[in-house]
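Close look at the chain arrangement
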Amino acid sequence: MYFGGDYNPDQWPEDVWREDVALMRAAGVNLATVGVFSWSRLEPSEGVYDFGWLDRVMDLLHDNGVQVNLATPTASPPPWFTLAHPDAMPVRADGVRLVHGSRDTYCVNAPAYRAASRRVVTALAERYGAHPATVMWHVHNEYGTVCHCDHCAAAFRAWLRDRHKSLDALNEAWTAAFWSQRYSSWEQVLPPRATQWRANPAHLLDYRRFCSDALLGHYREQRDIVAAHGPQPVTTNYVMAGWTPLDHWRWSAEVDLVAIDHYTDEPGDGGLAQIAFASDLALSWARGKPWLLMEQGVGVMYTQERMLALEPGEHVRRGLEYAARGAAGVLHFQWRASRGGAEQWYQGMVPHAGADSRVFREVMELGRRLAALPPARPARPEVAILWDDEAGWALQNPGLPATGLDFWASAQRAHRVLWSHGVAAGFAHPAHDLSGYRAVLVPSLYLMSDESAAGLAAYVEGGGTLVVSYFSGVADPDTRVRLGGYPGALRDLLGVRVEEFRPLAGPVTLSDGTTGDLWSEVVHLAGATATVTYADGGPAITRRRAGAGTAWYLSTGLNASGYAKVLARAGVIRRAE
Amino acid sequence: MYFGGDYNPDQWPEDVWREDVALMRAAGVNLATVGVFSWSRLEPSEGVYDFGWLDRVMDLLHDNGVQVNLATPTASPPPWFTLAHPDAMPVRADGVRLVHGSRDTYCVNAPAYRAASRRVVTALAERYGAHPATVMWHVHNEYGTVCHCDHCAAAFRAWLRDRHKSLDALNEAWTAAFWSQRYSSWEQVLPPRATQWRANPAHLLDYRRFCSDALLGHYREQRDIVAAHGPQPVTTNYVMAGWTPLDHWRWSAEVDLVAIDHYTDEPGDGGLAQIAFASDLALSWARGKPWLLMEQGVGVMYTQERMLALEPGEHVRRGLEYAARGAAGVLHFQWRASRGGAEQWYQGMVPHAGADSRVFREVMELGRRLAALPPARPARPEVAILWDDEAGWALQNPGLPATGLDFWASAQRAHRVLWSHGVAAGFAHPAHDLSGYRAVLVPSLYLMSDESAAGLAAYVEGGGTLVVSYFSGVADPDTRVRLGGYPGALRDLLGVRVEEFRPLAGPVTLSDGTTGDLWSEVVHLAGATATVTYADGGPAITRRRAGAGTAWYLSTGLNASGYAKVLARAGVIRRAE
Amino acid sequence: MYFGGDYNPDQWPEDVWREDVALMRAAGVNLATVGVFSWSRLEPSEGVYDFGWLDRVMDLLHDNGVQVNLATPTASPPPWFTLAHPDAMPVRADGVRLVHGSRDTYCVNAPAYRAASRRVVTALAERYGAHPATVMWHVHNEYGTVCHCDHCAAAFRAWLRDRHKSLDALNEAWTAAFWSQRYSSWEQVLPPRATQWRANPAHLLDYRRFCSDALLGHYREQRDIVAAHGPQPVTTNYVMAGWTPLDHWRWSAEVDLVAIDHYTDEPGDGGLAQIAFASDLALSWARGKPWLLMEQGVGVMYTQERMLALEPGEHVRRGLEYAARGAAGVLHFQWRASRGGAEQWYQGMVPHAGADSRVFREVMELGRRLAALPPARPARPEVAILWDDEAGWALQNPGLPATGLDFWASAQRAHRVLWSHGVAAGFAHPAHDLSGYRAVLVPSLYLMSDESAAGLAAYVEGGGTLVVSYFSGVADPDTRVRLGGYPGALRDLLGVRVEEFRPLAGPVTLSDGTTGDLWSEVVHLAGATATVTYADGGPAITRRRAGAGTAWYLSTGLNASGYAKVLARAGVIRRAE
């Protein structure tokens with residue numbers, strides 16, 4: 001079990017290092033993530049390296065029994081890089097080119113940035129690939145930076161040619177005929193830059209897909225370099241939020257170890273539910289293999305308004321929860337709270353007040369408890385929630401029938417009901433083999449391919465229980481609405497034909513006394529039975545038996561108790577409390 | 001009576017067209033607006049035309065008894081245009097040049113855009129000006145795009161020379177001495193681009209006027225081309241909202257048929273009141289001639305938060321209401337709901353669910369009912385509300401004595417009280433001959449010329465009843481405050497001298513038990529009588545008899561019942577209920 | 001006693017001037033601030049001057065007994081300047097270069113702007129330095145414009161070299177190691193331009209310091225020019241708000257007379273408290289010498305939503321209050337309300353309604369009353385509130401433990417309690433000699449140097465009473481957190497060690513029945529006694545006797561009554577009512 005956190009000795013005088021390792025030993029720290037933002041220290045000017053300090057850190061950690069998760073520093077190019085390669089700075093949709101002064105100022109498609117990345121990573125791998133402290137490689141940090149420059153435009157076009165093959169196919173996939181957007185040559189295709197009015201949703205979605213692949217290309221390039229210099233597992237850390245353009249299924253196939261950064265914002269049980277959700281996602285992305293909690297806050301949560309301290313003991317309880325859910329390690333941001341810089345008010349394992357503090361005592365307690373744990377055997381999920389980042393991105397497009405649609409929130413709500421009723425839950429891509437699950441829940445999953453829809457039908461026919469929430473399967477993977485009645489791809493399976501959406505301004509009472517919120521529909525039965533109706537008698541919740549299984553449809557937004565009631569009736573949970 | 005909507009066959013496979021015309025016949029559709037956004041299909045690359053599909057569409061419609069309102073496609077230049085003429089892309093006030101990816105990406109003052117517009121419109125007119133299906137020309141779409149580029153700067157200067165004749169006159173009109181803005185050469189005059197702090201209000205206003213004229217120039221150019229190729233009436237569709245820089249009186253003199261796009265956002269009676277307001281505006285702009293409802297939603301309303309379905313039957317009732325108020329046609333956006341693109345979630349006459357739907361059944365019902373209607377004879381307006389787009393724009397300037405002043409809302413409130421009391425209302429420009437109206441209401445009409453003020457005085461002297469709301473006539477057409485006491489231009493006529501404005505943070509009770517809100521004033525009587533007073537005894541509502549008529553002044557914001565009470569007392573309505 | 005206001009005759013026809021001076025005499029006006037925004041009139045094109053109108057104005061005023069506070073016009077370069085020197089226009093952080101059309105469109109570090117400033121100021125000083133009307137020079141207006149252009153970048157680097165001496169010291173002061181921001185050459189250092197994510201707080205703070213000095217350099221240059229041509233005192237007017245990058249202590253050492261522009265936004269007693277606060281600040285910055293109220297509203301207040309009239313008599317009462325608190329003059333913006341321009345709705349001493357108005361009658365009344373006043377002898381402050389603009393700027397940085405921290409508001413709250421309890425209050429810089437005050441209050445003063453902390457310790461040892469609010473002294477002047485427990489610089493003196501901050505989402509009840517809000521802390525006693533505790537028994541308010549004095553610490557946000565209770569207990573006020 002790994003225990004530790006981000007360690008940035010390059011931000012402290014060397015005399016602090018001795019205290020660091022002493023405290024690490026006291027706390028049972030066995031893994032330090034080193035060098036995440038060290039580029040300006042490692043390569044103070046272009047092509048000039050300074051490894052002396054890192055040599056001393058690696059040796060010191062090794063001598064003290066602390067292993068190193070060695071980071072490549074590419075998430076924050078140094079100031080010299082800006083001046084040497086202005087074309088490699090990221091450009092916003094409105095054309096503003098950003099400069100250094102924060103972090104993540106690069107365009108991942110800029111040749112100069114790619115070359116600089118390769119150079120510094122190669123130097124690092126050559127020097128430390130065989131160092132005995134190096135047990136893991138941490139590539140980059142929190143991928144997610146998006147750019148709209150001309151390098152990106154060129155790369156996007158190449159990516160589109162590969163995806164759509166022909167301009168005609170692109171025009172068709174993007175419904176480019178609408179608003180006179182048909183492209184007559186590839187060079188006319190641009191990133192979604194500032195335009196006059198609402199942008200094309202398929203264009204926006206393909207750009208997210210492209211960004212995911214472009215960033216993944218940068219990751220793979222680094223992974224291959226470090227893998228060539230040592231046997232250590234290689235990973236990168238995911239930001240657990242809907243804004244990142246990362247297709248987690250694709251990415252997780254390319255990392256040796258799924259790693260997540262997870263920051264909660266609810267206290268008490270709500271926080272534990274968030275931890276269960278993130279852990280189950282990570283475990284699912286890892287296909288059941290161990291995964292790593294690469295970052296979490298230390299005894300504190302951050303909201304837009306203020307930082308909030310956890311209750312005494314809560315940090316320990318949370319750390320154990322991650323471990324029980326399959327984390328191969330519980331790490332923190334960061335070892336020592338910074339004196340300065342943009343995150344100086346983030347709590348550290350060693351806070352500003354020093355080791356004589358509640359926080360550090362809880363860190364020691366957590367280290368002790370984790371070391372004593374037997375290996376976790378997280379329960380095999382009985383129930384799957386479908387997860388598709390692409391469908392989640394599409395739900396962030398403008399111009400949907402209602403605001404407030406949110407894939408992450410929808411999946412999280414479904415997960416929380418399972419979690420609070422003690423059901424082992426996991427996540428699956430719609431195209432996965434689902435036969436092992438006794439039930440499959442579909443959060444508002446806007447886009448669905450024909451193949452995925454067929455898979456779900458086969459799953460139900462084979463005896464599965466499927467529970468589909470509203471606004472699922474209504475569009476194809478290019479965001480085109482499936483015609484003839486919603487929810488197009490699932491209409492036959494669910495045995496309904498939805499004629500209209502009726503988003504709600506407030507809650508309505510359903511026939512079983514539960515409430516529907518945010519959304520409702522005009523549902524016609526076409527094989528299904530209505531189990532719950534709206535005030536006007538129209539079906540709200542329906543059920544259809546198909547083959548050996550059952551397919552449920554929820555045409556309105558249910559709160560936790562309403563959702564639990566359905567799941568209980570469907571036999572997914574034992575009883576709704 | 002025209003019945004139909006926007007028809008975009010170029011966005012659908014040809015096999016759908018057959019179903020389209022069959023359904024059109026079933027619904028009684030007799031007019032289809034074709035080609036609004038077809039430029040990229042009509043001219044796939046510069047100078048290369050593809051009319052084959054449109055030939056087939058025109059013939060098919062004609063063969064099925066559907067007439068065509070043929071649109072020029074200039075509201076959305078194709079992607080090739082961006083690359084060929086980057087200088088013709090619109091520039092925001094902050095200098096960001098927009099690109100294609102939405103619609104309306106052009107600068108109306110860019111020579112390349114004007115040339116491309118002329119070319120494609122000429123080709124279209126040559127080919128279809130004599131086609132038997134063509135019964136109307138729809139130029140462009142929803143004019144309103146504003147740009148701040150150097151082409152605009154040059155055109156703005158030419159327009160200003162024409163308006164103000166000399167730089168000295170410009171400096172005087174703009175009060176340029178304030179904040180050291182005196183211009184010493186014409187080339188120093190720019191569009192209102194991003195500046196350090198609050199902009200000059202006269203500068204902002206003249207730019208709106210200029211934009212109205214510049215857009216109108218583009219319209220006229222196209223109108224003259226199509227008119228040279230056929231006898232059909234020519235029009236364009238107005239967006240019914242205060243942000244568009246269109247002087248509707250000037251524009252309406254240049255169209256053969258006033259046409260509006262009208263989207264409501266209130267259900268029930270509120271929606272009917274919105275329809276009455278828009279219809280009466282259109283009828284007034286058309287000087288009593290028939291006008292056209294070019295676009296409306298289909299059984300649905302759109303708000304910022306969500307789309308809202310109308311109650312059953314409400315769509316039919318609304319369509320009949322437009323017709324009863326003088327619409328020569330009731331059209332929709334759009335015939336068939338789009339599968340993709342930025343407006344894929346706008347409802348169509350044929351919705352995603354298909355023709356077997358409440359929406360299409362109501363469309364058919366509306367078509368049937370409209371066809372059976374006798375020609376409408378909208379009541380001649382007895383009461384006029386003054387309408388002046390320029391004054392409305394000026395009320396959107398920053399730095400007024402209170403936020404929340406809104407000309408459209410003010411006029412709409414006045415209209416709604418008349419409407420709810422069964423009074424036939426119309427709109428007139430302050431400079432019009434008002435003698436035919438038994439009463440004239442003046443919403444908060446910030447700017448007023450000497451001539452208009454004299455006209456109002458003559459109107460009252462001649463026996464008219466004038467009811468003026470606060471913040472009317474306080475400034476001249478160049479936004480300069482008229483000195484010596486508000487409301488400058490109307491002071492003598494109203495018989496008051498307002499010493500100070502006292503905007504209100506909340507409602508206050510007036511002497512007659514009604515409430516004043518948003519605004520109050522320190523009013524001195526100078527010939528008028530106070531009919532209602534503030535708590536401190538100061539006049540709130542005043543009346544002055546002048547010649548054969550009466551002039552009322554409302555120095556505070558009245559709600560509907562308070563306004564009705566005044567109008568009843570003034571004899572404008574029979575009784576306030 | 002000066003009485004008058006901004007006078008802009010160049011914005012009016014000359015026939016108005018005669019009425020102006022007649023009314024000025026009637027009102028007892030004896031000082032007019034002339035020419036604040038007259039550049040485009042004084043120098044209509046580059047190098048061409050027009051002084052005729054100003055000659056006539058100066059003579060006219062002089063002949064009528066009105067003295068002139070002659071302004072340099074550099075706060076608003078004319079339109080010709082923009083075209084001649086585009087590189088001298090200000091650039092926003094996102095790179096947008098602003099143009100004329102408002103005011104303050106210049107970069108203070110642009111050589112062309114500096115040269116143009118010197119030229120016009122020299123011409124003005126040569127012509128009017130010896131004019132008998134000229135009794136004061138008013139340089140520029142409301143300094144505060146910030147720019148991010150390349151001229152600024154170069155000047156910033158020079159300033160940083162001077163402050164930090166070496167790049168190593170800069171990297172250390174800025175904690176540049178965090179997020180890989182270490183600079184390896186000076187040319188890499190830029191203004192804080194748009195970047196990817198949160199900016200470096202020390203970088204932001206140094207840029208504010210630099211802007212203060214850069215603007216001060218511009219002021220000094222002009223001051224020296226006018227001082228070379230006449231014996232009159234020279235000043236400039238401060239905007240009383242936290243956004244201006246002016247270090248008021250440094251600036252006040254360079255002006256002959258501290259002058260403030262003060263706009264209130266509370267009626268009644270709240271407004272008087274705001275006046276007391278601003279006056280005491282001005283008096284303190286002036287080190288007890290007379291100061292000048294250069295601008296105030298005329299009988300009216302401006303909020304974001306609306307302008308609000310003062311109650312009858314309130315304007316007079318306010319003017320007398322400024323005078324009683326040491327103002328050597330009570331001036332207004334502006335003499336005559338503008339007809340046009342961006343501030344046409346600002347009230348004037350002569351309002352739009354003319355001299356027959358409540359406002360002008362109150363102006364005359366105020367003039368009469370001020371003329372009859374004996375010289376003010378403002379009470380010598382017994383209690384000092386520490387004031388440090390730099391600490392205030394740092395509190396505006398992003399990423400603090402809670403939002404809503406505000407130095408100006410914090411100081412104002414402390415001042416208001418003293419004011420409402422009749423205690424003569426003043427302001428002092430932390431490094432000042434504090435021995436003359438019987439008590440010193442420290443609002444949330446984020447940054448503190450070692451020297452200042454030592455000074456405060458000496459002050460307490462010597463018998464003083466010190467009352468420190470939360471989040472004071474936690475960081476050094478480079479925004480680096482002082483380690484080992486908060487509030488670092490004051491820990492020993494206060495006898496506490498704060499382990500954690502616990503910002504509050506809502507109020508909590510303290511042991512003495514008062515409430516804490518916004519903030520709380522985990523406080524350990526280390527020499528101090530807890531006088532008030534939190535619900536969990538932890539110290540909330542503490543006291544430590546040190547030498548002959550006492551140091552109090554308030555670890556939570558107190559409302560006025562809670563703060564008064566502490567001050568009463570500490571003997572700073574007699575009794576909390």
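Residues numbered from 1 in each chain as written. Chains lettered and ligands numbered in written order. Predicted model: local features only at pLDDT ≥ 70, side-chain atom pairs only at ≥ 80, totals over all residues.

**What about the interface of chain B and chain A?**
Under the convention used in this document: The contact criterion used is a C-beta to C-beta distance within 7 Å, with each C-beta placed from the backbone. In this text, helices come from DSSP runs of H or I with a minimum length of four residues, and strands from runs of E with a minimum of two, each type numbered from the N-terminal end. Residues are grouped as follows: nonpolar covers Ala, Val, Leu, Ile, Met, Phe, Trp, Tyr, Cys and Pro; charged covers Asp, Glu, Lys and Arg; every other residue, Gly included, is treated as polar.
The interface is formed by 43 residues belonging to chain B together with 42 residues belonging to chain A. At the level of elements, helix 2 (39-42), helix 4 (79-84) and strand 10 (307-309) of chain B are the ones that each hand at least two residues to the side of chain B that touches chain A. When its residues are assigned to classes, the side of chain B that touches chain A shows 17 nonpolar, 17 polar and nine charged.

**Remarks on the domain arrangement of chain A**
All names here are of chain A. Here is the rule: Where each domain starts and ends comes from a domain assignment, either automatic or drawn from a database.
Segmenting chain A into domains produces domain 1 (35-254) and domain 2 (383-569). A straight line from the C-alpha centre of domain 1 to that of domain 2 covers 35 Å. Facing the 14 residues of domain 1 at the interface are 16 residues of domain 2. Top contributing element to the side of domain 1 that touches domain 2 by residue count: helix 8 (residues 201-227), with six residues. Grouping the amino acids of the side of domain 1 that touches domain 2 by side-chain chemistry returns seven nonpolar, three polar and four charged.

**Considering the UniProt feature "domain: Glycoside hydrolase family 42 N-terminal" (unreviewed entry) in chain A**
Here is the rule we go by: UniProt positions are given in the numbering used here, feature names are shortened, and annotations may be inferred rather than shown by experiment.
Within the UniProt annotation, "domain: Glycoside hydrolase family 42 N-terminal" (unreviewed entry) is assigned to residues 6-372 of chain A. Taken as a whole, residues 6-372 of chain A contains 41% helix and 11% strand, while its terminal C-alpha atoms sit 23 Å from one another.

**Re the UniProt feature "domain: Beta-galactosidase trimerisation" (unreviewed entry) in chain A**
In the numbering adopted here, UniProt assigns the feature "domain: Beta-galactosidase trimerisation" (unreviewed entry) to residues 382-570 of chain A. Secondary structure across residues 382-570 of chain A divides into 24% helix and 29% strand, with the first and last C-alpha atoms of the span separated by 14 Å.

**What about the interface of chain C and chain A?**
Taken together, the contact pairs 43 residues of chain C with 43 residues of chain A. Listed by contribution, the elements that provide at least two residues to the side of chain C that touches chain A are helix 8 (201-227) and strand 16 (496-501) of chain C. Considering each element in turn, the side of chain C that touches chain A owes the most residues, three residues, to helix 8 of chain C. A per-class count over the side of chain C that touches chain A returns 19 nonpolar, 15 polar and nine charged.

**Things to note about the relation of the copies chain C and chain A**
Quick reminder of the rule: In superposing the copies, a least-squares fit is computed on C-alpha atoms, taking residues whose pLDDT is at least 70 in both.
Rotating chain C by 120° and translating it 0.0 Å along the rotation axis places it on chain A, where the RMSD comes to 0.0 Å. Considering both components of the superposition, the chain copies are consistent with a three-fold axis. Considering only C-alpha atoms, the part of chain C nearest the rotation axis is Val96 of chain C, at 5.0 Å.

**A short note on the nonpolar core**
What counts is decided by this rule: Here, a nonpolar core means buried Ala, Val, Leu, Ile, Met, Phe, Trp, Tyr and Cys residues linked by C-beta atoms lying within 7 Å of one another. The burial label depends on the number of other C-beta atoms within 10 Å of a residue's C-beta. Counts of 20 or more mean buried, 12 or fewer mean exposed, and intermediate counts mean partly exposed, with C-beta atoms placed from the backbone.
Counting residues in hydrophobic clusters, the biggest one holds 595 residues, and the most contacted among them are Val467 of chain A, Val467 of chain B together with Val467 of chain C. In this structure, Val467 of chain B is in contact with Ala439, Leu441, Val442, Trp552, Leu554, Val566, Leu567, Ala570 and Val572 of chain B, ignoring residues within four places of it in sequence.

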